[in-house]
Amino acid sequence: MPSSRAEISNVAVSPDHYIGGKRVSSATTFEVRSPLDWEWKLADVARGDALTADAAITAAIDAFPEWSALTPVERASHLHQLADLIDETIEELATVECADMAMLLESLQARVIHRGAENFRNYADLSSEYAGRKWSSKGTNNEVQRMPAGPAVIITPWNAPWLLSTWKLAPALAAGNPVILKPAEWSPLSASILADLADRAGLPPGVLNIVQGMGDEVGAALVGDRRVRRISFTGSPETARHIGVAAARNIVPFTAELGGKGPLLVFGDADLEAAAKKAAGQFDDAGQVCLAGTRLLVEASISSDFLELFNRYTDDHVLGDSRNPSTTISPMIHPQHLERVIGFVDRAREAGDTIVRGGERWKEDGLWYEPTLIRPKSNYSEVVQREVFGPVLTYQTFRDEAEAIDLANSTEYGLSGIVYTGSEERAHRVGRSIRAGTVWVNTFLVRDLTAPFGGCGISGIGREGGDYALDFHSDLKTLQISEGSVC
Ligand code: NAD
């Protein structure tokens, strides 16, 4: 029996699962509150369990023959329709995502929601254009084909829920796989609107299923089900270890996009204004960005000039309500997460690291945390080595390029790196030497959707983006036909 819809700033959102093209409730629910004002309850959302997971996977299996039998071009037309509907629904999606996760409303309206539409368009086009590799050798004509792999489970984190779920759903669907999405329990609501849009786009029932609930309940049931053929996960390394075990048990390929502790290197030959501005920009989204350059590594000879500029740009930040266009730093997602960030800074203080600026809650009655800069006592300080996932940066200096690279590569993570330099040679040399899935030079977060994306070390397994994700969601087959044997 579906529940009544929740009203979020005049947008009606279903709190239920979406399984086999229908809204399905659960006997129990969980409360979702807004980080903008913790007194604001957004919805009581269905709390799925093992039976919910079973129903969603069964619906996906039922949908598999029809969906996988469509040509890529036919599937693409559904995805283009969905993308168009997303673009028509930007205001509603932005309103809900802002209330749910506190991402800045203006950037949701101007870029982020539309980028979700682009994810679907990009994969609709890429999958339609796939020609396979063809060659002849040893008397046979060879051709690589992609076979849809089967039901895919997609598990997403609470930060950037809209962006990350569309980024993962699009290639799975384009490749011919029905999907079961489980959004994070702290920000599950934009996914529910996506279900409405999928319905309107005429996606056959069971092709997109969305289940809500806790990771260790319905999430664990989904990834542990033997009928699932792909698992695509974004979240923390700790959870990836559990999912990896479940995937290994069932021999299911999985990708894991995990946390980061990216270095932001500034060399003496860099445009210091641009570098300092970008460094202060790492506080955007309250630092809840996996790709952020959270370790500032600055050449010693320019350290004081850089710090002066960095402080100036950081002073320009405005903490406030994410719906206000002048706000640049939103509240943190959840009181528990705020406590986690406070814990990191408190332990840094106790361990003898120097809090250069910030280091406190902004106000007692909200979830904001001041933009914080810490000079660690050593490179082994916890705050240097572990992902904080909040508005907390560390500051270290280096004498030369070799030391800069050593420091950059000195954590277990390897998701991203940012380099500021005016030298083309150095850009290539240092860019090559940083162990990370993505390195930006004199820029940040500019990303072509066809480029591979992922991490090294504990930042992840596998690559998403472009053809890489389509290959992941397919079983690749080599078809070999003896030359001259057929006409
Ligand atoms: P998390 O690992 O706690 O949870 C992520 C998702 O996994 C949630 O939906 C959760 O319910 C689910 N989950 C938890 N336990 C599970 C289990 N046993 N089985 C199945 N599912 C389970 O991560 P989070 O706190 O939501 O997100 C923050 C983390 O995500 C940070 O480490 C951040 O860096 C990372 N992240 C990485 C990227 C990337 O692209 N590399 C992007 C965004 C966030």
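Residues numbered from 1 in each chain as written. Predicted model: local features only at pLDDT ≥ 70, side-chain atom pairs only at ≥ 80, totals over all residues. Heavy atoms only, no water.

## A closer look at the site of the ligand
Around the ligand there are 27 residues in total, and Glu 185, Ser 236, Thr 239, Leu 258 and Glu 387 lie nearest to it. Trp 158 is positioned with one of its side-chain polar atoms (N or O) 2.9 Å from an oxygen atom of the ligand. At a separation of 3.3 Å, an oxygen atom of the ligand approaches a polar backbone atom of Gly 215. Listing elements by their share of the shell around the ligand, those giving two or more residues are helix H7 (215-223), strand S12 (230-234) and helix H8 (237-250). Broken down by class, the residue content of the shell around the ligand amounts to 14 nonpolar, 9 polar and 4 charged. Residue assignment places the shell around the ligand across two domains, with domain 1 (6-258 + 455-478) and domain 2 (262-441) each supplying three or more. (Near = heavy atom within 4 Å. Polar contact = N/O pair within 3.5 Å; in protein donor to acceptor, adjacent residues only side chain to side chain. Helix = DSSP H or I, 4+ residues; strand = E, 2+ residues; numbered from the N terminus. Nonpolar A, V, L, I, M, F, W, Y, C, P; charged D, E, K, R; others polar. Domains from an automatic or database assignment.)

## A word on the packing of aromatic side chains
The final tally for this structure, using the stated rule, is 9 aromatic pairs. A ring pair is formed by Trp 362 and Trp 368, whose centres lie 5.4 Å apart and whose planes are at 75°; its orientation type is edge-to-face. Its relative accessible area of 35% is what places Trp 362 among the partly exposed residues. Each member of the aromatic cluster is reached from another via a ring pair, and the members are Phe 283, Phe 306, Phe 310 and Tyr 395. (Phe/Tyr/Trp six-rings, centres within 6.5 Å; stacked < 30°, edge-to-face > 60°. Buried < 20%, exposed > 50% of the residue type's maximum accessible area, 1.4 Å probe, protein only.)

## Quick notes on the nonpolar core
Nonpolar side chains in soluble globular proteins generally cluster together in the buried interior. Counting 118 residues, the largest nonpolar core has Ile 86, Phe 120, Val 266, Phe 306 and Phe 310 as the members making the most contacts within it. Broken down by element, the residue count for this core peaks at 9 residues, all from helix H4 (residues 105-129). Inspection of this core shows a minimum of three residues originating in each of domain 1 (6-258 + 455-478) and domain 2 (262-441). When near neighbours in sequence (up to four residues on either side) are disregarded, Phe 310 contacts Ala 276, Ala 279, Ala 280, Phe 283, Leu 296, Leu 373 and Leu 393. (Core = buried A, V, L, I, M, F, W, Y, C linked by side-chain atoms within 4.5 Å. Contact = heavy atoms within 4.5 Å.)

## A closer look at the sheet that holds strand S7 (residues 134-137)
A sheet is described by the order of its strands in space; here 3 strands give the open sequence S7-S8-S22, paired in antiparallel fashion. Looking at which strands have only one partner, the edges of the open sheet turn out to be S7 and strand S22 (474-482). For this sheet, the mean inter-axis angle between neighbouring strands, taken without regard to orientation, is 30°. By the bridge criterion, 4 bridges tie S7 to strand S8 (residues 140-148) in an arrangement that is antiparallel. Pairing of Trp 135 across the sheet is with Asn 142, part of S8. (Pairing = 2+ DSSP bridges. Axes fitted to C-alpha atoms, helices over the stretch in contact; angles between N-to-C directions.)

## Examining the pattern of salt bridges
Inspection of every chain in the model, using the stated rule, returns 27 salt bridges. In this structure, Arg 121 and Glu 118 form a salt bridge, with 2.8 Å as the shortest nitrogen-oxygen distance. A residue pair is termed a helical-turn pair when its members lie 3 or 4 positions apart in one helix, as Arg 121 and Glu 118 do in helix H4 at 3 residues. Assessed through its relative accessible area of 27%, Glu 118 is described here as partly exposed. Between Asp 467 and Arg 146 there is a salt bridge, and its shortest N-O distance comes to 3.3 Å. Of the two residues, Asp 467 sits in helix H15 (residues 466-472) while Arg 146 sits in strand S8, which places them 321 residues apart along the sequence. Its relative accessible area of 34% is what places Asp 467 among the partly exposed residues. Among the residues examined, Arg 146 registers a relative accessible area of 18% and is labelled buried. Through salt bridges with shared partners, a single ionic network connects Asp 269, Glu 401, Glu 425, Arg 426 and Arg 429. (Salt bridge = Lys/Arg side-chain N within 4 Å of Asp/Glu carboxyl O.)

## Regarding the packing of helix H2 (residues 72-88) against helix H3 (residues 90-101)
One can describe the packing of H2 onto H3 by two numbers: an axis separation of 5 Å at closest approach and a directional angle of 70°. One way to sum up the angle between H2 and H3 is to call them roughly perpendicular. Touching Ile 86, Asp 87 and Glu 88 of H2 are Ile 90, Glu 92 and Leu 93, all from H3. Of the residues in the contact of H2 with H3, the class split is 3 nonpolar, no polar and 3 charged. (Parallel < 35°, antiparallel > 145°, perpendicular 65-115°, else oblique.)

## Here we look at the environment of Lys 477
In this structure, Lys 477 sits in strand S22. The exposure class of Lys 477 is partly exposed, given its relative accessible area of 32%. For the pair formed by Lys 477 and Arg 146, sequence separation is 331 residues and the distance between their alpha carbons is 6.3 Å. Those residues in contact with Lys 477, other than ones at most four positions away along the chain, are Glu 143, Val 144, Gln 145 and Met 147.

## Notes on the sheet that holds strand S19 (residues 416-420)
The 7 strands lie next to each other as S16-S17-S18-S15-S14-S19-S20, forming an open sheet whose pairing is mixed. Edge strands, defined here as strands with exactly one partner in the open sheet, are strand S16 (354-357) and strand S20 (438-441). Looking at each pair of strands side by side, their axes are set apart by 25° on average, direction ignored. In terms of strand pairing, S16 meets strand S17 (residues 372-375) through 3 bridges, oriented antiparallel. Bridge pairing links Ile 355 to Ile 374 in S17. Across the sheet, helix H9 (residues 272-280) lies against strand S14 (262-266), strand S15 (293-299), strand S18 (392-398) and S19, angled at about 160° from S14, the strand it touches most.

## So, the environment of Lys 168
Relative to the assigned elements, Lys 168 resides in helix H5 (residues 161-174). Distance from Lys 168 to Ser 232, taken between C-alpha atoms, is 7.2 Å for residues 64 residues apart in sequence.

## Brief notes about the side chain of Arg 75
With respect to the helices and strands, the residue Arg 75 is situated in helix H2. A polar atom in the side chain of Arg 75 sits 3.0 Å from the backbone oxygen of Ala 174. With residues near it in sequence (within four places) discarded, Arg 75 still touches Trp 67, Ser 68, Leu 70, Leu 173, Ala 174, Ala 175 and Gly 176.

## Remarks on the domain arrangement of the protein
For the protein, the domain assignment lists domain 1 (6-258 + 455-478) and domain 2 (262-441). Here the C-alpha centroids of domain 1 and domain 2 sit 30 Å apart. Between domain 1 and domain 2, the contact holds 24 residues from the first and 28 residues from the second. When the two sides are added together, the surface that domain 1 and domain 2 hide from each other amounts to roughly 2,300 Å², 65% of it contributed by carbon and sulfur. Summed over the three residues of domain 1 that lose the most area to domain 2, namely Leu 104, Trp 158 and Trp 186, the buried surface amounts to 26% of that side. Of all the secondary structure elements, the ones that give two or more residues to the side of domain 1 that touches domain 2 are strand S6 (37-46), H3 and H4. Broken down by element, the residue count for the side of domain 1 that touches domain 2 peaks at 3 residues, all from H3. (Buried area = accessible area lost by both parts, 1.4 Å probe.)

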